[in-house]
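# Tertiary structure, described
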Amino acid sequence: MRRTVLALIIFVLLSAPCFAVSQNEEYRLYGAEELQEAVPEEARKAVGDISLKDAADPQGLLSRIWSALTDDAMDALSSGIKSAVSVLAIVMLCSAAATFFDGGNIQEYVTLAGCLGISACTVGGVRTLIGSGSAALSQLKDFSNILLPTLCTAAVSGGAVTSAAAKYAAASMFIDILINAADDFIVPLIYAYIALVIVGAALGGRAVKSAAKLLKWLCVTFMTAVTAVFTAYIGITGAVTGSADAAAVKAAKMFMSASLPVVGGMISDAASSVVAGAGILRGAIGAFGMAAVCGICAAPVAALGVQLILFKASAACASALPSGRLSELIDGIADACGMMLGLTGCGAVMLFISIISSARAVTGA
Amino acid sequence: MDTALKAAAIGAVTACAALLIKKYNPETAFLLSAAAVACICAAAVKIIGQAADAARQAEAFSGLSSAIYGPVFKCVGIGIISKISADLCRDASQSGTASAVEFTGTASALIVMLPLFGTVLKMMGDML
């Protein structure tokens, strides 16, 4: 009798409380509420009020993103067509005059007037578009400051202790580098490029055109280099640390199964269930993050893309007319839109790669 | 089409007549040429009016202010008037006068462009 009572007392003393948490509680534990609140207003306008629960319906998310992109593209198209029409009207007028003058000083002045007219028509709008792209990059940075730690926490819970931390550190560092460089270096270079393109078209001269080409090369090379180095770094880090994490998780499960007789296997299975649950949450956070990133970038990417296409089409039309410098100017302004589109795209792609890389961390669970 | 045909016919007939008269009476040939230019320009006014209507429609559609289109139109107009006047002076073997007309046209075009130049410079200054 004494032994039975003693055994019962020991059983009660050694038993630890164990309970399951609801999905909502699990979201709260991982900081999902803060993540949902961190979605910028622009993204909410674009894709609506999204939550982590929406991540379970990827088709619905994709259709929201697609409709946001098409709506923004249609809005940008109407203003872009107006701008393209005004540019083409000036080009046609100057081209008609150019055929009449057949060289001479007056033709130079008419071309100069055309360049100034096209610049006055387009520069204001392009500046607004560049500003919206730059604002989207800042929003991406702010959102990534909440998203990446949340994703890292979920990945660590899933067993990716080393790889999640390494990927988080790399993603934060590279996104910081890109966005700081965008503010301090690339956007001013794009503005300088526009100024040089205008001066080159208005006054002619190979030196100015060469300087503009150099600025364009610098911007494109920097963006390509940062994205390529980031992708390579994330890839190598994922390959190396992911294997280490998988081995560690496997070793822990084997140790538990082997060292604790009878209950070891049960504990190991329970741990696997927890890891699987964390994996589901990680996937949901990843899908939510990607939808939010799409929402942030939808409006500037659609506007810049539509403007780029319209300016390129206008430049192609202008190149068929005898006004070479005017078509070069329009082409240069289109290139500036393209550079900003590339910069915004780089930021979004880097965040996408970080999300995908963290969300599909191999843990051997 | 009709206006272009009429202008071409007037131009060809005047050129032939001026060529025949020029040997005996160059002053009359010049006056004939100047009269033909005036007639053709008068006929062109209707077409220019139609082109201006189209330009006004483009301006209204694009929503741009006439402060941007205006200088470009004026510059083209100044150029056309200067070119025709200078060529008439050259027909009369007055190259000095032709150069003066061209210079005045160029200077006028530059003056007309100055507000646009200022606008673009301000935009570039704000940008940089």
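One structure accompanies this document, and this report is about it. As the structure is a prediction and not an experimental result, all values here were calculated from the model.

Conventions adopted
- Residues numbered from 1 in each chain as written.
- Chains lettered and ligands numbered in written order.
- Predicted model: local features only at pLDDT ≥ 70, side-chain atom pairs only at ≥ 80, totals over all residues.
- Heavy atoms only, no water.
- Contact = heavy atoms within 4.5 Å.
- Buried area = accessible area lost by both parts, 1.4 Å probe.
- Salt bridge = Lys/Arg side-chain N within 4 Å of Asp/Glu carboxyl O.
- Polar contact = N/O pair within 3.5 Å; in protein donor to acceptor, adjacent residues only side chain to side chain.
- Helix = DSSP H or I, 4+ residues; strand = E, 2+ residues; numbered from the N terminus.
- Nonpolar A, V, L, I, M, F, W, Y, C, P; charged D, E, K, R; others polar.
- Core = buried A, V, L, I, M, F, W, Y, C linked by side-chain atoms within 4.5 Å.
- Buried < 20%, exposed > 50% of the residue type's maximum accessible area, 1.4 Å probe, protein only.
- Axes fitted to C-alpha atoms, helices over the stretch in contact; angles between N-to-C directions.
- Parallel < 35°, antiparallel > 145°, perpendicular 65-115°, else oblique.
- 1 Å grid on protein atoms, 1.4 Å probe; cavity = no way out; pocket = protein on both sides within 12 Å on 5 of 7 lines; lining within 4 Å.
- Points joined across faces, edges and corners; volume = space filled by probe spheres on them.

## Comments concerning the interface of chain A and chain B
Of the residues lining the interface, 31 residues belong to chain A; the matching set on chain B comes to 28 residues. Of the roughly 2,700 Å² buried at the junction of chain A and chain B (both faces included), carbon and sulfur atoms supply 87%. When the buried surface of chain A facing chain B is broken down by residue, I106(A), Y109(A) and L116(A) rank first, second and third, together holding 21% of it. On the surface where chain A and chain B come into contact, there are zero salt bridges. Remark: the boundary between chain A and chain B carries zero residue pairs in polar contact (both at pLDDT 80 or more). Where the side of chain A that touches chain B is concerned, the elements lending two or more residues are α5 (58-101), α6 (105-157) and α7 (161-203) of chain A. Among the elements that make up the side of chain A that touches chain B, the one with the highest residue count is α6(A) (14 residues). Residue composition of the side of chain A that touches chain B, grouped by class: 24 nonpolar, five polar and two charged.

## A look at the nonpolar core
Core analysis: the biggest nonpolar cluster contains 107 residues, and F143(A), I190(A), I194(A) and L343(A) have the highest contact counts within it. Ranked by the residues each element gives to this core, the list is headed by α6(A), at 21 residues. Look past the residues within four positions of I194(A) in its chain and what remains in contact with it is V123(A), V126(A), I130(A), A336(A) and M127(B).

## Re the pattern of salt bridges
Applying the stated criterion across every chain yields a total of eight salt bridges over all chains. Salt-bridge contacts for D87(B) lead to R90(B); the nearest nitrogen and oxygen are separated by 3.4 Å. Placement of both D87(B) and R90(B) in helix α3 (residues 66-91) is noted, with a separation of three residues, approximately one turn of the helix. Here D87(B) falls in the partly exposed class, since its relative accessible area comes to 31%. Across the pair E102(B) and R90(B) runs a salt bridge, and its minimum N-O distance is 3.2 Å. With E102(B) in helix α4 (residues 95-127) and R90(B) in helix α3, this residue pair connects regions lying 12 residues apart in the sequence. It is possible to trace a salt-bridge network through shared partners that takes in K216(A), K312(A), D331(A) and D335(A).

## A word on the packing of helix α1 (residues 2-22) of chain B against helix α2 (residues 26-62) of chain B
All names here are of chain B. Viewed as axis vectors pointing N to C, α1 and α2 meet at an angle of 175°, and their least axial separation amounts to 9 Å. On the basis of the axis angle, α1 is roughly antiparallel to α2. On α2, the residues touching T3, A7, I10, G11, T14, A17, A18, I21 and K22 of α1 are P26, T28, A29, L32, S33, A36, I40, A43, A44 and I47. For the contact of α1 with α2, the per-class residue count stands at 13 nonpolar, five polar and one charged.

## Concerning the layout of surface pockets
Considering only enclosed or pocket space, the largest pocket measures out at about 1,200 Å³ in volume. What lines the largest pocket is a set of 36 residues, among which A44(B), I48(B), A51(B), V76(B) and I80(B) lie closest to the centre. Within the residue set of the lining of the largest pocket, elements represented by two or more residues are α5 of chain A together with α1, α2 and α3 of chain B. Counting residues per element, the lining of the largest pocket draws most heavily on α2(B), at 15 residues. Residues of the lining of the largest pocket, tallied by class, amount to 29 nonpolar, five polar and two charged. Contributing to the lining of the second largest pocket are 21 residues, with S79(A), G80(A), G125(A), L129(A) and Q307(A) lying nearest its centre. Counting residues per element, the lining of the second largest pocket draws most heavily on α5(A), which supplies eight residues. In terms of residue class, the lining of the second largest pocket is built from nine nonpolar, nine polar and three charged.

Keep in mind that these numbers describe shape and distance, not what the molecule does.
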